[in-house]
Amino acid sequence: MTAITATAPRAFETPSFAADFTGTGKLLRLYLRRDRIVAPLWILLLSLPLGSVYIKSLEKIYHTPADFQDYANGILSNPAELAMYGPVYNISLGATGIWKAGMFYTLIGVATILTVIRHTRADEETGRTELLASTRVGRFAGLTAALIVAYGGALATGLIGFASLAGTSVPREGSLAFGLALAASGIVFASVAAVTAQLSGSARVARGLAFAVLGLTFTLRAIGDVRSGDGPTSPLTWMSPQGWSLQVRPYAGDHFAVLGLHAVTALVLSVAAYYLLAHRDVGAGLLAERPGALAASPALSGPFGLAWRLQRGTMLAWTVALGLYGLMIGSVTNDIGKQLGSNQTIRDLITRMGGSESLEKALISYGFTMIAVGAAAYAVSTALRLHSEETTAHAETVLTGSVSRIRWVASHLGFALLGPVLALTVSGLLGGLVYGRAAGDVGAKTGQVLAAALVQVPAVWTFAALTVFLFGVLPRWTTVAWGFLTAAIAVFLLGSLSGAPQWFRDLNPFEHAPKVPGEPFTATPLIALLVVDAVLITVGLIAFRRRDLRSA
């Protein structure tokens, strides 16, 4: 007889905690490859200018303690500048030089939020995470790799910023304090994004929640700094990570202990993110999705209604941001002479860049050129929605209906053209009203400032047109539009500061806008820019009609 022996069933092995992190290294390499262009760009833009631009430019302009004192007094007496950048804590070169870089504490938050959401919730929304989860990838691997990329980018920004500042004549201890404060702010907001990525099943909502936190903390810091002025720090400032970074006070005490607030907050938020991730399903969010309407509203009956639904949040955010910047320019224009004191060097610099011997008119022209740069960034990002809609196959779904390709492009292009006009108009009106009230002539001053804003429109449209051209002719290189905008900014700054030849400065579309109110208005360069815009858009549309659709 043959004996048959029974084998006891094997018990299922309980996954270890370490198994949840399996594949983190491979995902990290994947994320670094995907961010190989974007990450170095924001890291370098938020670090290299600190020493070479902020410190060295101020060192060339201000020479005596009296000059620095006048500069600091002008800052502390202006609520708009306090709200935008925070206070200046002493009159040393380091403290005054990096004062405007206080905005970097918020900008690095924008960069790290976008990085984390892109590699977490956005990947879940497109199905990449579920696909990877079917392989040997742990549940926490994606979030861990995303946080390593964001934290690493923030730390790299801080270290390169420290090196940039250390190469100047300012104290190294203050440079280290600023670099660490900058990195710490980015790390905190990366952790905020890690939490919001678990709350909603939509990447758009997760980004919106994270940016709402960023905006709220910026507002708390701004209100607190305006209230306190040069007095004791307001409690509202201590409720904001950006406020904590300012309270590190580089070159004005170097309070490294404040960085502990960033560390504790980032730790608590990251632990919360892992806990929330462990208690939800892949692709789902902890916030319940609201049921949609049984039928679409008439506003969504065509591509323009859909484009409005997709673009309205971005348009509102850019309009508010540029409007606040215009408000700040208007608030400082009337007192710019007092703030500069007797410093002839910076007076000459502003008049040269603004194209007028009148300091106030030159500042308006130069200031709204910089606002136009922001409006151009808005135009490019809006026009690039065409590229993202195509690569995610959303455009193919729309175009399978009775919507023509030209009509679909026009629905998004309309916002890329009209959105910046709205933002420039709002910034010009706000700036003009504040300047006019201070000068005692609201009507005339508002008209001058609004004109300075609107003459920038054709130059702004050039970058939207260039994006459409690339989208139609060279779709794989559509995002290179950001490179052209960056190059135009570099030409504008270098050409104005160094006295470069006119042919070099003419490469920048903003150079062709009349420098009103300091110069007489001339329509010829604006007409030429509009012709260029029309040609670029026409060629892009024709090329898009003739080529195949692409996908990611």
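## Topic: unusual backbone geometry
Moving on, step 1. Pro517 follows Val516 through a cis peptide bond whose omega is 10°.
Moving on, step 2. For Pro517, the location among the structural elements is in the loop between helix 25 (502-505) and helix 26 (524-546).
Moving on, step 3. Positive phi is not limited to glycine here, since Tyr251 has a value of about 65°.
Moving on, step 4. Here Tyr251 shows up in the loop between helix 13 (241-247) and helix 14 (259-278).
Moving on, step 5. With a relative accessible area of 9%, Tyr251 lands in the buried category.

## Notes on the environment of Asp254
Moving on, step 1. Considering the arrangement of structural elements, one finds Asp254 in the loop between helix 13 and helix 14.
Moving on, step 2. Accessibility expressed as a relative area gives 15% for Asp254, which makes it buried.
Moving on, step 3. The spatial distance from the C-alpha of Asp254 to the C-alpha of Ser175 is 9.2 Å, given a sequence separation of 79 residues.
Moving on, step 4. Excluding its chain neighbours within four sequence positions, the residues that come into contact with Asp254 are Glu173, Gly174, Ala177, Val248 and Arg249.
Moving on, step 5. A polar contact is formed between the side chain of Asp254 and the backbone nitrogen of Tyr251, at a distance of 2.8 Å.

## Observations concerning the packing of helix 21 (residues 405-439) against helix 22 (residues 442-454)
Moving on, step 1. It is at 7 Å that the axes of helix 21 and helix 22 come closest, and there the two elements cross at 150°. Considering the angle they form, helix 21 stands roughly antiparallel to helix 22. For the crossing formed where helix 21 meets helix 22, the hand is right-handed. Contacts between helix 21 and helix 22 involve Leu424, Thr425, Gly428, Leu429, Gly431, Gly432, Leu433, Tyr435, Gly436, Arg437 and Ala439 from the first element and Val442, Lys445, Thr446, Val449, Leu450, Ala453 and Leu454 from the second.
Moving on, step 2. For the contact of helix 21 with helix 22, the per-class residue count stands at ten nonpolar, six polar and two charged.

What counts and what doesn't
- Residues numbered from 1 in each chain as written.
- Predicted model: local features only at pLDDT ≥ 70, side-chain atom pairs only at ≥ 80, totals over all residues.
- Heavy atoms only, no water.
- Helix = DSSP H or I, 4+ residues; strand = E, 2+ residues; numbered from the N terminus.
- Buried < 20%, exposed > 50% of the residue type's maximum accessible area, 1.4 Å probe, protein only.
- Contact = heavy atoms within 4.5 Å.
- Polar contact = N/O pair within 3.5 Å; in protein donor to acceptor, adjacent residues only side chain to side chain.
- Axes fitted to C-alpha atoms, helices over the stretch in contact; angles between N-to-C directions.
- Parallel < 35°, antiparallel > 145°, perpendicular 65-115°, else oblique.
- Left-handed = near helix turned anticlockwise from the far one by under 90°.
- Nonpolar A, V, L, I, M, F, W, Y, C, P; charged D, E, K, R; others polar.

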